Every structure is written in C-alpha cells, then in structure tokens.
Amino acid sequence: MTKEEADVAAFLKFIRFAEHHNDSDDVYFLLYGGKQRFLDTSKHPNQRVKAWGKESTAAGAYQILYPTWYEAWKKGIVTDFSKASQDKLAIEKLRSRHALGYVQQGDIDHAIPLLRNEWTSLPGASQSKMTMDGARTPFAKYLSEVTGKP
C-alpha cells in the first residue's frame, strides 16, 4: 500500500468514525439514525428514516443519500451498495469536492473544510461537536493501524 493509499484509507475510517461515533465495520449496514440495519447490499436501501426531527434516506458508512448513490450507479461509478462501493463513492466525493489530493498527502486540515457540506459531522460543520484538534488524534490512530507504524 502506498503512502497516499494509506492516508485515504485512514481518512475514510475517520469519516466513518465522525459519522457514527464508532469505527466498527458494522456502520456499513446502518440506516440514518443508527438504530436500524439493512442486509441487502445489491443496491442502496432507499428507506426514509426519521431521526433527530428529520427524515433521510442516508445509509451506510458514509451516510450516502439515495439520489447520490443512484447518480453514481447510473454513471457506472458503483454497481451495488457493498462496502467496496461505499468506499469508492466516498472517494469520488473526496475527488469532486477537490479534497482528494489533500487527503492523499495526509493534510486533513485543508481537506476537512472542503468536505463539511458533504459530511456535516466533520469539524466545523453544522452537526459537529468535534474540533480540528479532536480530528487529528483519530486520524493519526487510523493511519497507524493502516500502516502498522506508530
């Protein structure tokens, strides 16, 4: 794994943690609100769930909305809603928000501000309780896990 791939893998795990306050792979199968699960990954579950006074079709590790998944599916970016497809779509979001280069360099201080409209749980975004300082620690932990280096 290259350094760039390791930085991306660690950042994806950080987003999953920010979205769910949990870094388990179980988050790939959670619907909006985190209380309901789905099992069929052949396509986006497209279930409207009410939580925190809002309704949403957000699902999976990155809380991807159905219209976002459907557009990526139509373009051939993803073929299903598997873990690999969810990761691929998240990376596509990093690219489309002009943050992928920063992430590949491990520069989360520049990447995160570009992604706040995509993931509202990131530091400085509308639903976040995390600071930028609070983001650096889990990112460093995940990078260490991915690379096997402290």
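This text gives an overview of the structure that appears in the document. Note that the structure is predicted; figures quoted are calculated from it, not measured. (Residues numbered from 1 in each chain as written. Predicted model: local features only at pLDDT ≥ 70, side-chain atom pairs only at ≥ 80, totals over all residues. Heavy atoms only, no water.)

1. Considering helix α6 (residues 132-147)
Turning to step 1, where the next piece is worked out: Here α6 contains 16 residues, and its C-alpha end-to-end distance of 22 Å stays within 8% of the 22 Å for a straight helix at 1.5 Å per residue.
Turning to step 2, where the next piece is worked out: Of all the positions in α6, only Met132, Ala135, Pro138, Phe139 and Tyr142 are classed as buried. Mapping the buried residues of α6 onto a view down its axis gives an arc of 125 degrees, with all of them on the same face. Among the exposed residues of α6, those oriented more than 90 degrees off its buried face are Asp133 and Thr137.
Turning to step 3, where the next piece is worked out: Buried-residue contacts for α6 involve α1 (3-20) and α5 (108-115).
Turning to step 4, where the next piece is worked out: Phi turns positive one or two residues past the end of α6, at Gly148, with a value near 75 degrees. (Helix = DSSP H or I, 4+ residues; strand = E, 2+ residues; numbered from the N terminus. Expected span 1.5 Å × (residues − 1). Buried < 20%, exposed > 50% of the residue type's maximum accessible area, 1.4 Å probe, protein only. Arc of directions from axis to C-beta. Contact = heavy atoms within 4.5 Å.)

2. Points about the pattern of salt bridges
Turning to step 1, where the next piece is worked out: Taken as a whole and assessed by the stated rule, the structure comprises 14 salt bridges.
Turning to step 2, where the next piece is worked out: For Lys3, the salt bridge is made with Asp7, and the minimal N-O distance between the two is 2.4 Å. Of this pair, Lys3 and Asp7 both sit in helix α1, 4 residues apart, roughly one helical turn.
Turning to step 3, where the next piece is worked out: Residue Asp7 is classed as buried on the basis of its relative accessible area, which comes to 1%.
Turning to step 4, where the next piece is worked out: Measuring nitrogen to oxygen at the nearest pair gives 3.4 Å for the salt bridge that ties Asp23 to Lys141. (Salt bridge = Lys/Arg side-chain N within 4 Å of Asp/Glu carboxyl O.)

3. Thoughts on the nonpolar core
Inside soluble globular proteins, nonpolar side chains tend to come together where they are buried.
Turning to step 1, where the next piece is worked out: In terms of nonpolar packing, the biggest core is built from 41 residues, with Phe11, Phe14, Tyr62, Leu94, Ile112 and Trp119 touching the most fellow members.
Turning to step 2, where the next piece is worked out: Per element, the largest residue contribution to this core is 7 residues, and it comes from α1.
Turning to step 3, where the next piece is worked out: Contact partners of Ile112, with chain neighbours within four places excluded, come to Phe11, Phe14, Leu122, Pro123, Met132 and Ala135. (Core = buried A, V, L, I, M, F, W, Y, C linked by side-chain atoms within 4.5 Å.)

4. Description of unusual backbone geometry
Turning to step 1, where the next piece is worked out: Phi at His21 is positive, roughly 55 degrees, even though this residue is not glycine.
Turning to step 2, where the next piece is worked out: Examined against the element boundaries, His21 turns out to sit in the loop between α1 and β1 (49-51).
Turning to step 3, where the next piece is worked out: Even without being glycine, Gln63 reaches a positive phi, approximately 50 degrees.
Turning to step 4, where the next piece is worked out: Examined against the element boundaries, Gln63 turns out to sit in the loop between β2 (54-56) and α2 (66-74).
Turning to step 5, where the next piece is worked out: Take Gln63: its relative accessible area is 15%, and that puts it in the buried class.

5. Digging into the side chain of Ser121
Turning to step 1, where the next piece is worked out: With respect to the helices, strands and loops of the structure, Ser121 is situated in the loop between α5 and α6.
Turning to step 2, where the next piece is worked out: Assessed through its relative accessible area of 12%, Ser121 is described here as buried.
Turning to step 3, where the next piece is worked out: With sequence-adjacent residues up to four places away left out, Ser121 is seen in contact with Ala18, Glu19 and Ser128.

All we've got here are geometric facts, nothing functional implied.
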